[in-house]
Amino acid sequence: MRLPDLLALASRSVFEARTRTLLTLLAMSIGVASVVLLTALGEGARRYVIGEFEQLGTDLLIMLPGRTETTGGPPPLFGQTPRDLTIDDSQALLREPSIIKVAPITVGNAPVSHANLEREVTIVGSTPDFFPIRRIRVGVGRQLPDIPADRQSNVIVLGAALKQELFGRHNPLGRWVRVNDRRFRVIGILAPGGESLGTDLGDMAIIPVASAQALFNSPSLFRVLIQASAKEDIEAARQAAIKTIRLRHDGEDDVTIISQDAMLGTFDRILRALTYTVSGIAAISLAVAGILIMNVMLVAVSQRVAEIGLLKALGGSERQVLRLFLTESIMLAGAGAFIGIVLAGLGILLVNQLYPGFPFAAPLWAPLAAVGVALSAGLLFGVLPARRAARLDPVQALSGR
Amino acid sequence: MIELQQVERDFAVGDETVRALADVNLDIPDGDYLSVMGPSGSGKSTLLNVIGLLDRPTRGEYRLNRTPTTTLGEEQRAALRREHIGFVFQAFHLVARLSAAENIALPMVLAGIAPPERERRVGEVLESLDLGDRASHRPDQLSGGQRQRVAIGRAIVMRPGLLLADEPTGNLDQHSGQEVVQLLEKLNDDGITLIVVTHDSAIGRRARRRIRMLDGRIDSDEPEDAPA
């Protein structure tokens, strides 16, 4: 039998059983579409997180007080240590040639008020280097003054949303705001918009690190951001930082240093695994659709017994009958997969319209794998009905027994 | 040329074995016109199925055009059916979703004949059957007689040497049945070997050679001009 004839004959029978075909196509296309969409979701989440990290630069090290080996107590990220990580420690790091910028950070929540308006926000205490390291831009006014890190200064840079809440459309530069019971002069406003690692930069305020320590009465830093002089120097910078802190802390390694790269890699792996898991679960629906195809084809075989007998009488061999029925099930699977891909494409377009910021896109392997699995399911689950058809005894088939 | 030698066919029915054909010896030369009659269950249809290569004899030898067929594989038997044997059934067995022309073309599709050649031959067959204006009709738009004529067209489109008809008039009225029989006889006149299984003695008597089956055996085998 010629291939075009085989396809024509198979498609005629597929179109003949319209309701069954539509239901099968529906099941198969939902399966394929859900694999592609869920993969796109996982992949989008991965790209989003990776993008967030890469915004921060990959030549970054983050130093936390405490050690990851610390046992007991709260989780290691907040590990406890008898020695504080101090501003002096952070400034000592700057003497290393492999380290070019250091930003000590103290963080707390406090109410910021002006006149009778008050708002509870995140207060970050740091140094001027914080701005270039975190790639935060000042929209209006100045950033923190370039004073020694251990000197207090009652100045504050407001986030754009905070400024809007407290001052409306008035110019806040030079005005005083109250944070807890201390007064700070507004010297700058952060550029509006922007988000860093999920923190809304609009709803925060930045003050000098020494002032923040006094404000929150905490002698230890929350963490220290370290920028290496170049991406290649990141390992040297890490070693230098460890050595410096060990010297200053009586020979104890009591800090943890995380590299941006390592965190990036970890998140990348986690989110990839998540994507595979989710699309694997969705792939189960493809198997279910495959079973539906088997069901539909078994019904088709029993309804077309006489026709199968006829084909054999007309000189059709077992192999031809087998091929004909296999072609029908693969056709069902293929058409369903095609519709599923189209549906998924529309879904991706729609989500991108609704959430333009989220990088929602399926990697190329997802539709390919979905179609591959769909066709294999069609083939696999088509074998049993097709064999049943091929093995029908023509005499009995024709007599309708 | 059909040669059956001591052909037997057994069926297992439950625990028992039923012998549908017993010691059948039959030679049918090319171009012969044969009718097979006999009561229900006498083995007429089984004989036809064995001759049509749809069924295999349990014992004995069957040679078609001097080719021994009992040892052939399924694929080869299918090829022989395709090339040498045409079937006409009581129930027509047309494919309902295909038009008359497509039904007639079906054996050529299975044989892998290219579309232009198919169209040419279908055209010829439709013309010779006087069905030219029914080519695109589906079976349910045709009368019984027309359906059987389409089925005959399908049986002869591969130009087989042997035409097997199992109760070809069983589902037709008197008039249509008459037409179909005349058509089959005309094909026989043109050289095709015709074997008709029938209950209808009026039709059976028209054959040049008449076989009566009883309990799986050939009870009588008489030529037209033999004394009754």
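Residues numbered from 1 in each chain as written. Chains lettered and ligands numbered in written order. Predicted model: local features only at pLDDT ≥ 70, side-chain atom pairs only at ≥ 80, totals over all residues. Heavy atoms only, no water.

Colleague: Talk me through the sheet that holds strand β7 (residues 162-166) of chain B; I want residue IDs and the actual numbers.
Modeller: Residue and element names in this part refer to chain B. Taken in spatial order, the six strands line up as β6-β7-β8-β3-β9-β10 in an open sheet, and their pairing is mixed. Two strands lie at the open edges of the sheet, namely β6 (85-88) and β10 (217-223), each paired on one side alone. Taking the axes of each pair of neighbouring strands and ignoring which way they run, one obtains an average angle of 15° across the sheet. As paired strands, strand β3 (residues 33-37) and strand β9 (residues 209-214) are joined by four bridges and run parallel to one another. (Pairing = 2+ DSSP bridges. Helix = DSSP H or I, 4+ residues; strand = E, 2+ residues; numbered from the N terminus. Axes fitted to C-alpha atoms, helices over the stretch in contact; angles between N-to-C directions.)

Colleague: Report on the packing of aromatic side chains, specifying residues and quantitative values.
Modeller: Residue and element names in this part refer to chain A. On inspection of all chains with the given rule, the structure shows five aromatic pairs over all chains. When the ring of Y48 is compared with that of F358, the centres are 6.0 Å apart and the planes differ by 45°; the resulting orientation is tilted. Of this pair, Y48 sits in helix α2 (residues 18-55) while F358 sits in the loop between α10 (318-354) and α11 (365-390), and the two are 310 residues apart along the sequence. According to the relative accessible area criterion, Y48 is partly exposed, its value standing at 33%. Between F130 and F131, the aromatic rings sit 6.1 Å apart at their centres with planes inclined by 80°, giving edge-to-face as the arrangement. Judged on exposure class, the residue F130 and its partner F131 are both buried. Ring-pair connections join several aromatic residues into one group, and the members of that group are Y48, F358 and F360. Sitting over the ring of W176, R183 keeps its end group 4.7 Å from the ring centre. (Phe/Tyr/Trp six-rings, centres within 6.5 Å; stacked < 30°, edge-to-face > 60°. Buried < 20%, exposed > 50% of the residue type's maximum accessible area, 1.4 Å probe, protein only. Lys NZ or Arg CZ within 6 Å of the ring centre and 35° of its normal.)

Colleague: Which residues make up the sheet that holds strand β2 (residues 16-28) of chain B, and what values do they have?
Modeller: Residues and elements named next belong to chain B. Spatially, β2-β1-β4-β5 is the arrangement adopted by the four strands of the open sheet, whose pairing is antiparallel. At either margin of the open sheet sits one strand with a lone partner, and together these are β2 and β5 (67-68). In this sheet, β2 lies alongside strand β1 (residues 2-13) in antiparallel orientation, the contact comprising nine bridges. Within the sheet, the bridge partner assigned to V13 lies in β2 and is E16.

Colleague: Run through helix α9 (residues 305-313) of chain A, naming residues and quoting values.
Modeller: Of all nine residues that make up α9(A), seven are buried, and the element is covered over most of its length. Downstream of α9(A) by a residue or two, A:G315 has a phi angle that is positive, lying close to 105°.

Colleague: Tell me what's going on with the domain arrangement of chain A, and back it up with residues and numbers.
Modeller: The domains assigned to chain A are domain 1 (3-53 + 265-399) and domain 2 (83-253). Distance between the C-alpha centres of domain 1 of chain A and domain 2 of chain A: 56 Å. (Domains from an automatic or database assignment.)

Colleague: A description of the environment of B:I28 should follow, citing residues and the corresponding values.
Modeller: Residues and elements named next belong to chain B. Structurally, the position occupied by I28 is in strand β2. Distance from I28 to I2, taken between C-alpha atoms, is 5.0 Å for residues 26 residues apart in sequence. What I28 contacts, discounting residues up to four positions off in sequence, is M1, I2, L34, T193, I195 and R209. (Contact = heavy atoms within 4.5 Å.)

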